[in-house]
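Chain by chain, the residues run as shown.
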Amino acid sequence: MTDLVMIARSLFSQGKGLLAADESVHTATARLASYGIPASAETRRQYRDLFIGAEGMERFLSGVILFSESLLEKGDDKKLFPKSLATRSVMPGVKVDLGTEPMSASPNELITNGLLGLSERLEEYKKQGAVFTKWRAVFRIDGDTLPSAQAIHENVKRLAIYAKEAQAAGLVPILEPEVSLEGKHSRTRARMVMGEVLKTLFSTLNEHSVDRASIVLKTSMVLSGSESGKRDTPEEVALDTLAVLIENVPSQIAGIVFLSGGQTPDQATENLAAITKRAKEVGAPWPLTFSYARALQEEALAVWKGKEENVPAARAAFIARLTRVSAATTS
Ligand code: 13P
């Protein structure tokens, strides 16, 4: 087994998953503002440290996805974040795309940038301690018209080029084709779109000769749109999510991680538990776990509010949620 395959597989250690702490400066600023915390380089560092510095998180986390600026920052323990994670056997990873912009041919859709200069950045990130990477593409659903075939093709092509370059640099790629929860669409429509995106993704990865064994897929769950007025049961989510994954995802990949996508922490936990259970019933061929940002962070941020004296209680909220999400991977 190659080193890359070993790293990719060890992200799926029993009961463990990933924390996505890779919000861009723009997203982190908005996230902090929504809890009344003014954003600065220092409050962003404190925000990352709230989670990375939480005692005991290593019992539940195999990896943390960082934003590039965090690779060079230190926690309150005076250690660089990647080093601090590695000493606790938590693998440091990094988001390597440069965010999205409207597509010129279809301005209501987004294309992910970041291929320019990517191989140089990957070399840097590797030197700074990253062992895996992530690239996010996002697909919006609007009736039967969006996502367009063009948005799917262009975004998955970029995912494939990224994956190939990451592997060449000796870094595990996590490919995140997120089907957005936002919208009025039905769960059936979400399932169709996810099927189309995944089918196109894996045929494009083949065309680019990307090694399947060392890639990780980061995916949405199949859910009705956030403005559909429909609340899916965990069993419905599990049934449709497993069906679309089994139909479209080759068995050879290292594993699948789920994003939370704007679900509440409880929803993301309950849906993951149902998915795990269903995966066992149907004998799904890949390991599954979580790679949440909001669902793991929300409760802790509400307690923290940017105040030093709230750090212990905020970290306790984080560990409590991690305990439940971890349990959901073994249900
Ligand atoms: P959420 O869990 O908040 O959807 O974030 C996951 C992620 O990594 C988005 O890129």
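Residues numbered from 1 in each chain as written. Predicted model: local features only at pLDDT ≥ 70, side-chain atom pairs only at ≥ 80, totals over all residues. Heavy atoms only, no water.

The omega torsion of the bond from Leu 146 to Pro 147 falls at 0°, within 30 degrees of zero and hence cis. Checked against the element boundaries, Pro 147 lands in the loop between strand S6 (132-139) and helix H6 (149-168). For Ser 89, which is not a glycine, the phi torsion comes out positive at approximately 60°. Ser 89 sits in the exposed class, given a relative accessible area of 58%. Phi is positive for Lys 305, which is not a glycine, with a value near 55°. (Helix = DSSP H or I, 4+ residues; strand = E, 2+ residues; numbered from the N terminus. Buried < 20%, exposed > 50% of the residue type's maximum accessible area, 1.4 Å probe, protein only.)

Moving on, we get to the environment of Glu 308. Positionally, Glu 308 belongs in the loop between helix H10 (294-304) and helix H11 (311-328). For Glu 308, a relative accessible area of 68% gives the class exposed. Separated by 85 residues in sequence, Glu 308 and Leu 223 place their C-alpha atoms 37 Å apart.

This part takes up the packing of helix H7 (residues 187-207) against helix H8 (residues 234-248). Where H7 contacts H8, the axes come no closer than 9 Å and their chain directions differ by 25°. Between H7 and H8, the angle is such that the two are roughly parallel. The way H7 lies across H8 gives a crossing that is right-handed. Residue-level inspection shows Arg 187, Arg 191, Met 194, Gly 195, Leu 198, Lys 199 and Phe 202 of H7 in contact with H8, the latter providing Glu 236, Asp 240, Ala 243, Val 244, Leu 245 and Asn 248. (Axes fitted to C-alpha atoms, helices over the stretch in contact; angles between N-to-C directions. Parallel < 35°, antiparallel > 145°, perpendicular 65-115°, else oblique. Left-handed = near helix turned anticlockwise from the far one by under 90°. Contact = heavy atoms within 4.5 Å.)

Within strand S3 (residues 91-95), five of the five residues are buried, leaving the element largely enclosed by the surrounding structure. Burial along S3 is two-sided: Met 91, Gly 93 and Lys 95 facing one way and Pro 92 and Val 94 facing the other are all buried. One ladder, built from four bridges, connects strand S2 (residues 61-66) with S3; its direction is parallel. Counted as the bridge partner of Ile 65 is Gly 93 from S3. On the question of chirality, the crossover connecting S2 to the parallel S3 by way of helix H4 (residues 81-87) is right-handed. Relative to S6, S3 is paired through three bridges, and the arrangement is parallel. Residue pairing in the sheet places Lys 95 in a bridge with Lys 134 of S6. (Pairing = 2+ DSSP bridges. Right-handed = clockwise from strand over helix to strand, strands pointing away.)

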